[in-house]
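Here are the chains, one letter per residue:
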Amino acid sequence: MTIIVAILQAVLLVTLAPLFSGITRKIRAKMHSRKGTSIMQDYYDLAKLWRRCEVKEGGSGIISRLTPPIFLGSFILVAAGLPLVMQACPVPFLGDIITVLYLMALPRFMFALGSIDSAGSYTAIGGVRELLVGVLVEPSLILVLFVAAIAAGSTNLGIMANAVGTLQAYPFVAIVVAGVACAMACYIEMGKLPFDLAEAEQEIQEGPLAAYSGPSLAMIKLGVSVKQLVVASLFVAIFLPFGAATTAAPLDLLVGLVSFLFKLLIVMLIASVIENSVMRARYKYLGRYTWFVVGIASLSLVFLVIGI
């Protein structure tokens, strides 16, 4: 039964990712006093890309060809292992935070490596920025997850979610501060403003996508949308596990599914409002914004050590 839940929740996130992306675009348009495109536009774009022929650069190698499926597949695996509908991990091996962190780092590494493997220098610059964002945000995310793991007594996300959901995670202040730091780190990891993956093709971070077309570009664009949902789901699963099913009974799973979708929608709406209330930052100055997240994550560790 748990394997079925894992497959279904992975399929669910992949299916809903373009819809949530469309809702985000619609909110952005309304806040900018524009009509905007349909919330289904991402589905239309992906279908169009899948039907197009793929054009490869002459100087690109096997890395560029492997990047799109690895980029998308890594986040699908993470989605299958997270305790989203249930407080327990459907696949315990995939539910360990060490596995999750490595699976989330692999797409960024392949994305940057694929940009370097490309024949163009413009794409390589975009890959460098992607690595820079990873260096700035991943230490904070790793720190808060291990604070939560120590407080819960396990690195398994299901046990961590159960400890937080039943208020058994101790110390409580450290968990709350870690949750705040995790929310901020996840916001950066989602690629929202001012740390966004720019939509305009002339932006630096969009540079690596210039080397892809057709189905490969569709997989990467879908992977970016799935990544946003997976990162938001990671925060919801650990620090907002309330309402998740405690058993595998069909009714409990249905309630857990509705609860998860509601929490995910609220998180994505808040992220969208924040995103459209700030302006894009130059990539050279991203460290000035991320040091605040590092400070809060470090503070949660201090509270954990002193037992508050």
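One structure accompanies this document, and this report is about it.

Examining the side chain of Thr 99
Piece 1. Relative to the helices and strands, Thr 99 is located in helix H4 (residues 97-117).
Piece 2. A distance of 3.4 Å separates a polar atom in the side chain of Thr 99 from the backbone oxygen of Phe 93.

Observations concerning empty space enclosed by the protein
Piece 1. Within the structure shown, the criterion is met by two cavities of 30 Å³ or more.
Piece 2. When its volume is computed, the second largest cavity comes out at roughly 40 Å³.
Piece 3. As for the second largest cavity, its lining consists of Pro 83, Leu 84, Met 86, Val 236, Ala 237, Leu 240, Pro 241, Ala 244, Phe 260 and Lys 263.

Some details on the layout of surface pockets
Piece 1. Counted as a void, the second largest pocket has a volume near 370 Å³.
Piece 2. Lining the second largest pocket we find 19 residues, and of these Ala 183, Met 184, Cys 186, Tyr 187 and Ile 274 sit closest to its centre.
Piece 3. Contributions of two or more residues to the lining of the second largest pocket are made by helix H7 (172-189), helix H8 (214-239), helix H9 (250-275) and helix H10 (286-306).
Piece 4. Counted by class, the lining of the second largest pocket contains 19 nonpolar, no polar and no charged residues.

Focus: a nonpolar patch on the surface
Piece 1. A cluster of nonpolar residues, Val 173, Leu 299, Leu 301, Val 302, Val 305, Ile 306 and Ile 308, forms a patch on the protein surface that exposes about 570 Å² of accessible area.
Piece 2. Among the elements that make up the nonpolar patch, the one with the highest residue count is H10 (five residues).
Piece 3. Overall, Val 305 belongs to the exposed group, its relative accessible area being 66%.

Thoughts on the packing of aromatic side chains
Piece 1. Scanning the model with the defined rule gives two aromatic pairs in all.
Piece 2. Each ring, one from Phe 71 and one from Phe 75, has its centre 5.6 Å from the other, and the planes form 70 degrees; the classification is edge-to-face. Here Phe 71 and its partner Phe 75 are both found in helix H3 (residues 62-81), four residues apart, which amounts to about one turn of the helix.

How each quantity is defined
Residues numbered from 1 in each chain as written. Predicted model: local features only at pLDDT ≥ 70, side-chain atom pairs only at ≥ 80, totals over all residues. Heavy atoms only, no water. Helix = DSSP H or I, 4+ residues; strand = E, 2+ residues; numbered from the N terminus. Polar contact = N/O pair within 3.5 Å; in protein donor to acceptor, adjacent residues only side chain to side chain. 1 Å grid on protein atoms, 1.4 Å probe; cavity = no way out; pocket = protein on both sides within 12 Å on 5 of 7 lines; lining within 4 Å. Points joined across faces, edges and corners; volume = space filled by probe spheres on them. Nonpolar A, V, L, I, M, F, W, Y, C, P; charged D, E, K, R; others polar. Patch = residues over 30% accessible without salt bridge, like charges linked within 9 Å, V, L, I, M, F, W, Y side chains within 5 Å. Areas by Shrake-Rupley, 256 points an atom, 1.4 Å probe, with all protein chains shown as cover. Salt bridge = Lys/Arg side-chain N within 4 Å of Asp/Glu carboxyl O. Buried < 20%, exposed > 50% of the residue type's maximum accessible area, 1.4 Å probe, protein only. Phe/Tyr/Trp six-rings, centres within 6.5 Å; stacked < 30°, edge-to-face > 60°.

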